[in-house]
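# Observations on the model geometry
Residues per chain, in single letters:
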Amino acid sequence: MQACRYTARMQEIPQSLALALGLLSSLDGTLLSIAGLSMRVSGVAVVAASLLALPFGAWLALARFPGRQGVIALLNGMMGLPPVVVGLLIYLLLSRAGPLGALGILFTPAAMMVAQAVLIFPIIAALARQVIEDAWGEYREQLVSFNATRSQCMRALLWDMRFTLSTAVLAGFGRAIAEVGAVMIVGGNIDGVTRVMTTAIALETSKGDLPLALALGMVLITMVVLINLAAQLIKSAAMKQHG
Amino acid sequence: MAEAIIPPRVLPLTAEHLGFRAGNVTVLSDVSLVIAPGSRNIVLGPNGAGKSVLMRLLHGLLTPTRGTLRWSSADGLAVRRAQAMVFQRPVMLRRSVRENVEFALQVAGHADVRRAAEAALDRVGLVQLADRAARLCSGGEQQRIALARAWALQPEVLFLDEPTASLDPAATRAIEETIAAIHAQGTTIVMTTHDLGQARRLADRVLFLHRGRLVEDTPAKVFFQLPHSLEASAFIRGELLW
């Protein structure tokens, strides 16, 4: 009995693969819409989080103040923020009775972008802090000798470490696009409005349509791999050109 | 076009009983000297004598744990802007050769950075490399970029920390010629080396350091012909000092 169930499950994998290929080759409208929304939500979240997290990480790398080690430990610890907890906090902030309820963005893609940005901010900031602090060891004397201000040093280091920092941004993107708990809570998984790849996979799994859930999972993994591959190729070419 | 001579504004620099400790180790002790405008000062000594630490103290990258440093000007910003330093291993920013020079000029608040950078690269003979990535240049070229970067700032005093330490004779010659040209423009040179031949070629005055102490501070001719100390005599004879 157990063996029969195992065999049946194993047969679902090739079925799912065929379904995934079919969905992709037929350019299924629903799939494209869900995948597009996933990309849009995670893309905006990554850009917004990076705009804040990269300068913050650079500032923390160069600043010296009492309690700095505590802030670094807290930031590193927040890399493992539970998505459902973040989702719940954003939900409370954005709900009608919450302090930001007037914005009226709960159960919209905007709320999902906010939740993902909050979730990945510590990841990008903590990795950026480490990268910039390591570089500061090499650059410090030269930049101080130029009489560069703190802000000029930060900008120079962020620009010079751009290729390494792109890995931190990609790590944030990976976490954002694979995340399900927070977007489920603040987005509500509304068909055609806030349904993204991960929430669609969760829904199909709960409905028992495992081949479709697996197929969506394969599409999601393919998307993430392709984006990382493209970023890696661009990074390698740029590094060859700029040293 | 004739170069404008840089007038002295912040020199002389006077160091009195300068000392530096790193943890429990005394790296430099009781160093007193005066850097006069227009001079070529070579800080000579074996490895570990404290040459690089002395340069960093004079340039303000390190704070002395003992003694005082006094510039003739009390204007802190003017003093900082009157100096430049070239390191043994220059840090090249991850951008083009031209942009490396432009960065130093932008930070110093220059108005026409493009033209000033081009002029500085022209002086060191690297205009043809202006658009190349600085990090992809050879060690000798990178050191010349560092000199162009420093020269572009028109410093009154230029500190050089073993700028030719890992270069071949041709690259060393190019660097020495550039240093001579910078000096001819009125810039005071303070340079460390452990290369006796280089000290003979470049020095007006030799500051000989040994085990963190300034053992000898004499005109170059006197130093090489009649050194006062046993350590300096041994060093000139090529004996191992430790």
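Above: the structure in question.
Notes on the structure follow. Counting restarts for each chain, with residues numbered from 1 along the sequence as it is written. Labels are handed out in written order, letters beginning with A for the chains and numbers beginning with 1 for the ligands. Local features are withheld for residues below a pLDDT of 70 in this predicted model, meaning they are given only at 70 or higher, and side-chain atom pairs are given and counted only at 80 or more; totals for whole chains, interfaces and linings count all residues.

## Digging into the sheet that holds strand β4 (residues 66-71) of chain B
All names here are of chain B. Two strands are said to pair when DSSP picks up at least two bridges between them. Per the convention used, a helix needs a DSSP run of H or I reaching at least four residues, while a strand needs a run of E reaching at least two, with both numbered from the N terminus. The sheet built from three strands is open, its strands ordered β2-β1-β4 with antiparallel pairing. Every other strand in the sheet has two partners, leaving β2 (25-35) and β4 as the edge strands with one partner each. The average undirected angle you get between the axes of adjacent strands in this sheet is 20°. The sheet contact formed by strand β1 (residues 13-22) and β4 spans five bridges and is antiparallel. Angles here are taken between N-to-C directions and fall from 0 to 180 degrees, while the axes themselves are lines fitted to C-alpha atoms, restricted in helices to the stretch in contact.

## Notes on unusual backbone geometry
Negative phi values dominate among residues other than glycine, just as trans dominates among peptide bonds. Here the residue pair leucine 11 of chain B and proline 12 of chain B is connected by a cis peptide bond, since its omega of 10° sits within 30 degrees of zero. Structurally, proline 12 of chain B can be placed in the segment before β1. Positioned with a positive phi, phenylalanine 107 of chain A is a non-glycine residue whose angle comes to about 60°. With a phi close to 50°, arginine 211 of chain B is a non-glycine residue in the positive phi region. On the secondary structure map, arginine 211 of chain B appears in the loop between β8 (205-210) and β9 (213-219). Exposed residues have 12 or fewer other C-beta atoms within 10 Å of their own C-beta, buried residues have 20 or more, and partly exposed residues fall in between, where C-beta atoms are placed from the backbone. Look at arginine 211 of chain B and you get partly exposed, because 17 C-beta atoms sit within 10 Å.

## Comments concerning the nonpolar core
One recurring pattern in soluble globular proteins: nonpolar side chains tend to sit buried together. Ranked by internal contacts, the top residues of the largest apolar core, which has 139 residues, are Ala115, Ile120, Ile124, Ala128 and Val186 of chain A together with Ala148 and Ala152 of chain B. Of the residues forming this core, the biggest block, 20 residues, is contributed by helix α5 (residues 109-145) of chain A. Delimitation of the domains relies on an automatic or database domain assignment. Structurally, this core is a two-domain feature, drawing no fewer than three residues from each of domain 1 (9-82 + 161-179 + 190-242) and domain 2 (90-154) of chain B. Excluding anything up to four places from it in sequence, isoleucine 120 of chain A contacts Ala45, Val46, Ala49, Gly172, Arg175 and Ala176 of chain A. Throughout this description, the term nonpolar core refers to a group of buried Ala, Val, Leu, Ile, Met, Phe, Trp, Tyr and Cys residues whose C-beta atoms join them within 7 Å. Placing a C-beta atom from the backbone of each residue, one calls two residues in contact when those atoms lie within 7 Å.

## Brief notes about helix α10 (residues 210-242) of chain A
Here a helix's expected span is defined as the number of its residues, less one, multiplied by 1.5 Å. Along its 33 residues, α10 of chain A runs 47 Å from first to last C-alpha, staying within 8% of the 48 Å computed at 1.5 Å per residue. Along α10 of chain A, the positions that sit buried rather than exposed are Leu212, Ala213, Leu214, Ala215, Leu216, Val219 and Leu220 of chain A.

## Quick notes on the pairing of β2 of chain B
Residue and element names in this part refer to chain B. When β1 meets β2, the two strands line up antiparallel, connected through seven bridges. Bridge pairing links threonine 14 to valine 34 in β2. In this structure, the hairpin formed by β1 and β2 is closed by a connection of two residues, where glycine 23 is found at a positive phi of approximately 65°.

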